[in-house]
Amino acid sequence: METGPESVRQENRPDPPARERISLLPLLTVNFIGTLGFSIVLPFLVFLVNRLGGNAFIYGLASSMYPAFQLIGAPVLGRWSDIYGRKKILLLSQVGTLLSWIIFLGALFLPVVTLFQVDSEVLGTFAFTLPLAALFFARAFDGLTGGNVSVANAYLADITEEKDRNRNFGKMSISSNLGFIVGPALAGLLSITAYGEAAPVLGAVVISLIGTLLIIFYIPENRECSLKGPVKAEDIRKVFGYEIKECRTVRETGKPSFREVLKLPNIPYMLGLYFLIFLGFNIFYTAFPLHAIAALDWGIAGMGVYFTVLSGLLIIVQGSILPRLSKRYSEASLIIFGSLMLGTNFLLLIPGNLFLTYLATGFFAMGDGLMWPSFLSLLSKIAGKNYQGTVQGFAGSFGGLASITGLILGGFLYELLAGRAFLLAGMIIYIVFFLNFRLRRFEKELKY
């Protein structure tokens with residue numbers, strides 16, 4: 001079998017008209033809604049956990065439930081999307097998100113009954129209550145069905161020419177960041193109503209329902225193979241997966257194992273980078289809300305303003321700066337420069353100074369805005385079309401494993417080190433910076 005990039009590209013390329021018929025707008029809207037549903041509870045989650053009996057460690061543990069169970073679900077959903085089609089798995093993931101927010105909402109109305117208490121020098125003092133248990137379950141359930149990001153990335157790669165990958169992954173990041181702008185701002189407005197914390201969570205339920213309807217009615221299935229004509233017995237077996245291999249396009253493969261994925265050229269290195277990037281990010285995402293409360297004396301409003309400013313700057317970078325630079329510089333160059341900026345952002349957070357905290361948002365926006373879309377684009381090219389969904393699913397698992405580690409470690413480190421916890425996040429991203437220089441070789445291999 002020929003394995004050269006050009007032969008694979010010619011063999012697997014769909015007809016141009018098929019690509020032109022699929023609009024990015026519904027996919028971008030679903031991505032925006034998914035992020036909006038998550039970010040709407042971000043500013044007050046740490047306050048909610050504390051009110052229900054938890055501490056910094058429990059906050060990190062609760063946050064890690066989603067990636068912990070995504071570690072299990074993402075590879076399976078990624079494989080299924082290669083076999084049964086992207087739309088079906090996107091819908092399954094979105095329904096899981098909707099149900100999880102309904103459970104989350106119900107947890108707010110449970111009596112605060114203490115299940116057990118802990119008083120430890122290492123973990124601190126906390127009470128694990130019935131509402132906290134329900135929150136843990138809600139986040140775990142969402143994670144188990146949480147393959148929507150990896151499947152959406154695979155879907156985007158399917159319908160996008162390689163020359164447009166960087167730009168379109170930038171659009172996906174912009175839609176996510178728009179969600180991060182609207183979410184915290186909406187949370188601040190809703191939380192001051194008479195319904196308190198229940199209002200933003202109810203908003204997340206409504207938003208998730210809208211996302212589910214959008215997938216059903218506006219996102220087409222992008223597989224070239226579909227059932228046409230009179231329905232026969234063998235067609236029914238195909239629908240239920242018994243003969244799915246007969247209904248496959250040339251770009252699809254069987255269910256590759258984890259060992260087979262690791263044998264793909266350069267994929268293990270990319271997955272390792274994926275892990276380290278997520279590790280640094282998630283130490284930040286757990287430690288920063290705790291840092292904002294302790295060092296900056298922020299409440300829900302202050303937290304909302306910060307995440308809104310950060311997301312706004314990210315949109316500027318990804319909407320204006322990234323498209324221009326991607327025409328002049330390679331993806332590897334943008335990844336290298338972006339990781340340097342991102343690592344510097346974390347170091348600026350250590351002193352707990354208001355000016356430096358907002359200065360850091362510029363470094364964060366420039367670093368993440370240039371690095372992450374470029375990294376996703378390069379990963380999708382290295383994965384190729386045959387293994388797109390599977391590789392994205394395994395990447396989600398590596399990100400999930402890093403998130404579990406980072407979210408728990410972030411809360412634990414902040415209890416011990418306060419603002420110096422950001423030093424570890426910065427060092428991890430600086431390691432990524434040096435490792436990224438090898439990506440230049442990967443790009444050259446794709447050209448030949």
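Residues numbered from 1 in each chain as written. Predicted model: local features only at pLDDT ≥ 70, side-chain atom pairs only at ≥ 80, totals over all residues. Heavy atoms only, no water.

## Some points on the environment of Gly396
The condition is simple: Each helix corresponds to a stretch of at least 4 residues labelled H or I by DSSP, and each strand to a stretch of at least 2 residues labelled E; elements are numbered beginning at the N terminus. Note on definitions: a residue-residue contact is assigned when non-hydrogen atoms from the two residues lie within 4.5 Å.
By the secondary structure assignment, Gly396 is in helix α17 (residues 388-417). If we ignore the near neighbours within four places in the chain, the residues touching Gly396 are Gln70, Ala74 and Tyr274.

## Observations regarding the packing of aromatic side chains
Where we set the bar: The criterion for an aromatic pair is that two Phe, Tyr or Trp rings (for Trp, the six-membered ring) have centres within 6.5 Å, with stacked assigned to planes under 30 degrees apart, edge-to-face to planes over 60 apart and tilted to the rest.
Tallying each qualifying case throughout the model produces 28 aromatic pairs. Taken together, a centroid distance of 5.5 Å and an interplanar angle of 85 degrees make the contact between Tyr269 and Phe442 edge-to-face. A residue pair is termed long-range when its members are at least 10 positions apart, and Tyr269 in helix α13 (residues 267-294) and Phe442 in helix α19 (residues 439-447) qualify at 173 residues. Ring centres 5.5 Å apart and planes at 45 degrees place the aromatic pair Phe284 and Phe364 in the tilted group.

## Here we look at the pairing of strand β1 (residues 114-120)
We count it as follows: In this analysis, strands are considered paired if DSSP registers two or more bridges between them.
With 6 bridges connecting them, β1 and strand β2 (residues 124-129) associate as antiparallel partners. Note on β2: the bridge partner recorded for Ser120 is Gly124. The antiparallel pairing of β1 with β2 creates a hairpin that spans 3 residues between the two strands.

## Some remarks on the nonpolar core
The condition that has to hold: What is meant by a nonpolar core is a set of buried Ala, Val, Leu, Ile, Met, Phe, Trp, Tyr and Cys residues, joined one to another through side-chain atoms within 4.5 Å. The cut-offs for exposure are 20% and 50% of the maximum accessible area for each residue type, with area from a 1.4 Å probe on protein chains only; residues under the lower value are buried, those over the upper are exposed, and the others partly exposed. What fixes the domain bounds is an automatic or database domain assignment.
The biggest cluster of nonpolar side chains holds 109 residues, and the ones touching the most others in it are Ile267 and Phe288. Top element by residues in this core is α13. It accounts for 14 residues. Split by domain, this core shows at least three residues from each of two domains, domain 1 (21-220) and domain 2 (257-447). Ignoring sequence-local partners within four residues, the contact set of Ile267 consists of Val261, Leu379, Ile382, Ala383 and Val391.

## Regarding α19
The condition is simple: Picture the helix axis, draw a direction to every C-beta atom, and the arc is the one those directions span.
Regarding α19, the residues found buried are Leu439, Phe442 and Glu443. Take α19 and look down its axis: the buried residues cluster within an arc of 100 degrees, on one side only. The outward face of α19, more than 90 degrees from its buried face, is lined by the exposed residues Lys444 and Lys447. Summarising the contacts, the buried residues of α19 are in contact with α13, α15 (331-348) and α16 (354-383).

## Some thoughts on unusual backbone geometry
Residues other than glycine seldom take positive phi values, yet Asp297 does so here, at roughly 60 degrees. Relative to the assigned elements, Asp297 resides in the loop between α13 and α14 (300-328). Here Ala418, not a glycine, exhibits a phi torsion of approximately 55 degrees, which is positive. Taking relative accessible area as the criterion, Ala418 reaches 35% and is therefore assigned partly exposed.

## Overview of a nonpolar patch on the surface
To keep it simple, the criterion reads: Patch membership requires more than 30% relative accessible area and the absence of a salt bridge. Residues of like charge join within 9 Å; the nonpolar side chains Val, Leu, Ile, Met, Phe, Trp and Tyr join within 5 Å. We get accessible surface area from the Shrake-Rupley algorithm with a probe of 1.4 Å; when it comes to residues, only the shown protein chains can shield them. Salt bridges, as used here, are contacts in which a Lys or Arg side-chain nitrogen is within 4 Å of a carboxyl oxygen on Asp or Glu.
A grouping of Leu110, Val113, Leu115, Phe116 and Leu130 is seen on the molecular surface, where their side chains present a nonpolar patch of about 390 Å² in accessible area. Relative to the elements of secondary structure, Val113 occurs in the loop between α6 (86-107) and β1.

## Regarding the confidence of the model for the chain
Filter applied, for reference: Confidence of the predictor at the level of single residues is given by pLDDT, which spans 0 to 100.
The pLDDT averaged across the chain works out to 78; a share of 84% of its residues lies at or above 70. Mean pLDDT values over the elements of the chain span from 37, in helix α11 (residues 233-239), up to 95, in α15. Segment residues 1-21 is flagged for pLDDT under 50; beyond a separation of four residues in sequence, or across chains, it makes 22 contacts in the model. Per-residue pLDDT stays below 50 along residues 224-253; that stretch engages in 44 contacts with residues further than four places along the chain or on separate chains.

## Here we look at the packing of α6 against helix α10 (residues 198-218)
Put simply, the test is: Axis lines are fitted through C-alpha atoms, for helices just across the contact stretch, and the angle between N-to-C directions can take any value from 0 to 180 degrees. Orientation is classified from the angle alone, with under 35 degrees giving roughly parallel, over 145 giving roughly antiparallel, 65 to 115 giving roughly perpendicular, and any other angle giving oblique. Crossing handedness is read from the near helix: turned anticlockwise from the far helix by less than a right angle, it gives a left-handed crossing, and turned clockwise, a right-handed one. Residue type decides the class: Asp, Glu, Lys and Arg count as charged, Ala, Val, Leu, Ile, Met, Phe, Trp, Tyr, Cys and Pro as nonpolar, and the leftover types, Gly among them, as polar.
Relative to each other, α6 and α10 sit at 160 degrees, their axes nearing to 9 Å. In terms of orientation, α6 lies roughly antiparallel with respect to α10. With respect to the hand of their crossing, α6 and α10 are arranged in left-handed fashion. In this structure, α6 uses Lys87, Leu90, Leu91, Gln94, Val95, Thr97, Leu98, Trp101, Ile102, Phe104 and Leu105 to contact α10, whose residues at the interface are Ala198, Val201, Leu202, Ala204, Val205, Ser208, Leu209, Gly211, Thr212, Ile215 and Ile216. Tallied by class, residues from the contact of α6 with α10 come to 16 nonpolar, 5 polar and 1 charged.

## What to know about the side chain of Thr286
This is how the line gets drawn: Polar contact criterion, stated in full: a pair of N or O atoms within 3.5 Å, where within protein one must be able to donate a hydrogen and the other to accept it, and residues adjacent in sequence count only if both atoms are side-chain atoms.
Structurally, the position occupied by Thr286 is in helix α13. For Thr286, a relative accessible area of 0% gives the class buried. A polar side-chain atom of Thr286 sits 3.1 Å from the main-chain carbonyl oxygen of Asn282. Apart from the residues within four sequence positions on either side, Thr286 is in contact with Tyr59, Gly60, Gly406, Leu407, Gly410 and Gly411.

## Let's talk about the pattern of salt bridges
Within the structure shown, the criterion is met by 3 salt bridges. Linking Arg139 and Asp142 is a salt bridge whose minimum nitrogen-to-oxygen distance equals 3.2 Å. Of this pair, Arg139 and Asp142 are both found in helix α7 (residues 130-144), 3 residues apart, which corresponds to roughly one turn of the helix. No difference in accessibility class separates Arg139 from Asp142, as the two residues are buried. Among the salt bridges present, the one from Glu331 reaches Lys381, with a minimum N-O distance of 3.1 Å. Within this pair, whereas Glu331 is found in helix α15, its partner Lys381 is found in helix α16, the two being separated by 50 residues in sequence. Residues Glu331 and Lys381 agree in their burial class; the two are buried.

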